[in-house]
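# Structural overview for review
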Amino acid sequence: MLKNLSLSVLLCLPAVAQADNLRIVVDVPPVHSLVAQVMGDVGAPELLTKPGSSPHGHALRPSEAQRLQAADMIVWLGPDMSPWLNEALKEMAPNAASLPLLVAEGTTLLAKRGAHHHDHSEDAHKNEHMDEQEHTKHDDHEGHDGDEGKERPDTHAWLNPDNAVVWLGAIAEDLAAHDPANAGAYRANAAKAAKAINAQAQDIATRLTPLSGREFLTAHDAYQYFETRFGLTSHAAITDSEDQDAGPAHLREVLANSPSLSCFVTERSTSKATIALVSETLDIPHVQIDPIGAEIPIGEGHYSALMGSLADGFEACLTPR
């Protein structure tokens, strides 16, 4: 009798998602870290692709396609960063909830720069980094279909910790909507993570502010958000894309028009020939910095470790020798 009564009571309860079977899939390690911090002990998100995979273009493996098809929610940067994933979502996960963070309310976006982007005049520099490039996006979670011709943003927005704090709140609210039983835990975890990120950002600012007047060259223009947040000055990038080397003509132009620079910021994909040519021509050291943390273990601690590695790299680059 008691067994039958319990079953009847359970059948009357509303159907709500439970964290142990709510499958959250995330596109890149830094965002995976933010979602993991919000979920805490309640559950664990899944990273869609292997660490180190390019978020700009990717061919899904069968196991990744299965992961996407089984997802209840996709937390990703959005179609401006990963147009390939936008198409895959339509085909493989049309019923999954989607949270594209680049259009989350409160996100600060900067316009994409050209490779040779730096203007040495103070007013132009100020306008470049503040007035003309800063935009606040709203919380419509729709894609960008039909937006051809519109100015594309710089999509490396996770490198501004202020955006990470905004996204923690957005992630917590979306998870709460799908798993109301754990809404309090998600919101408390997001608040705790935001406090830690803000504290780390203050520490990074303390370390880097004295070095803000020293310019550097980058292999790929990936650090604009970090530069703007912490007052750093990139002279130029030798290429617009992490997936290609600079053309000889452009590289010669950059090297011919570079003033005294502190160092050359390289990435894992920067060719040894380019590193040698730039370092020897300009007589500056090179420092490797990874904007996505491909070699940092995924999980809750990834975002803090990534920001710490950027701070270490730029401090090593800019400290006078």
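This text gives an overview of the structure that appears in the document. (Residues numbered from 1 in each chain as written. Predicted model: local features only at pLDDT ≥ 70, side-chain atom pairs only at ≥ 80, totals over all residues. Heavy atoms only, no water.)

## Observations concerning the overall build of the protein chain
Selection criterion: Here a helix means four or more residues in a row that DSSP labels H or I, a strand means two or more in a row labelled E, and each is numbered from the N terminus. Relative accessible area decides the class of each residue, using a 1.4 Å probe on protein chains only: under 20% of the type maximum gives buried, over 50% gives exposed, and in between gives partly exposed. Whether two residues are in contact is decided by their heavy atoms, any of which lying within 4.5 Å being enough. Computed by Shrake-Rupley with a 1.4 Å probe, the accessible areas treat only the displayed protein chains as cover when residues are assessed.
Counting its regular elements, the protein chain contains 11 helices and 10 strands. For the protein chain, the proportion of its 321 residues judged to be buried stands at 50%. When contacts within the protein chain are restricted to residue pairs at least 6 apart in sequence, those whose partners lie at least 24 apart make up 68%. Element-wise, carbon and sulfur atoms account for 52% of the exposed surface of the protein chain, whose accessible area totals about 15100 Å².

## A short note on helix H4 (residues 83-92)
Among the residues of H4, Trp84, Leu85, Asn86, Ala88 and Leu89 are the ones counted as buried. Among the structural elements, helix H3 (62-69), strand S3 (73-76) and strand S4 (97-100) are those in contact with the buried residues of H4.

## Here's the deal with the pairing of S3
What counts is decided by this rule: In this description, strands pair whenever DSSP reports at least two bridges between them. The crossover handedness rule: strands pointing away from the viewer, path from first strand over the helix to second strand clockwise, crossover right-handed.
Burial along S3 is two-sided: Met73 and Val75 facing one way and Ile74 and Trp76 facing the other are all buried. Looking at chain direction, strand S1 (residues 24-26) and S3 are connected through three bridges and run parallel. From the neighbouring strand, Val26 faces S3, where its bridge partner is Val75. Bridging between S3 and S4 involves four bridges; their strand directions are parallel. Each residue of the ladder has a partner; that of Trp76, found in S4, is Pro100. A crossover links S3 with its parallel partner S4, the connecting element being H4, and its sense is right-handed.

## Description of the environment of Val38
Looking at the element boundaries, Val38 is found in helix H2 (residues 29-39). According to the relative accessible area criterion, Val38 is buried, its value standing at 0%. Taking C-alpha positions, Val38 is 8.8 Å from Lys192, a pair spaced 154 residues apart along the chain. Beyond its immediate stretch of four places on either side in the chain, Val38 contacts Leu168, Ile171, Ala172, Leu175, Ala185, Tyr186, Asn189 and Ala190.

## Topic: helix H7 (residues 183-208)
The cut-off we apply is this: In this analysis, the expected span of each helix is defined as 1.5 Å times one less than the number of residues it contains.
Taking 1.5 Å of rise per residue, 26 residues should cover 38 Å, and H7 covers 37 Å from first to last C-alpha, within 8% of that figure. Residues of H7 that are buried: Ala183, Tyr186, Ala190, Ala193, Ala194, Ile197, Gln200, Ala201, Ile204, Ala205 and Leu208. Residues of H7 that are buried sit in contact with H2, helix H6 (161-178), helix H8 (224-230) and helix H11 (302-318).

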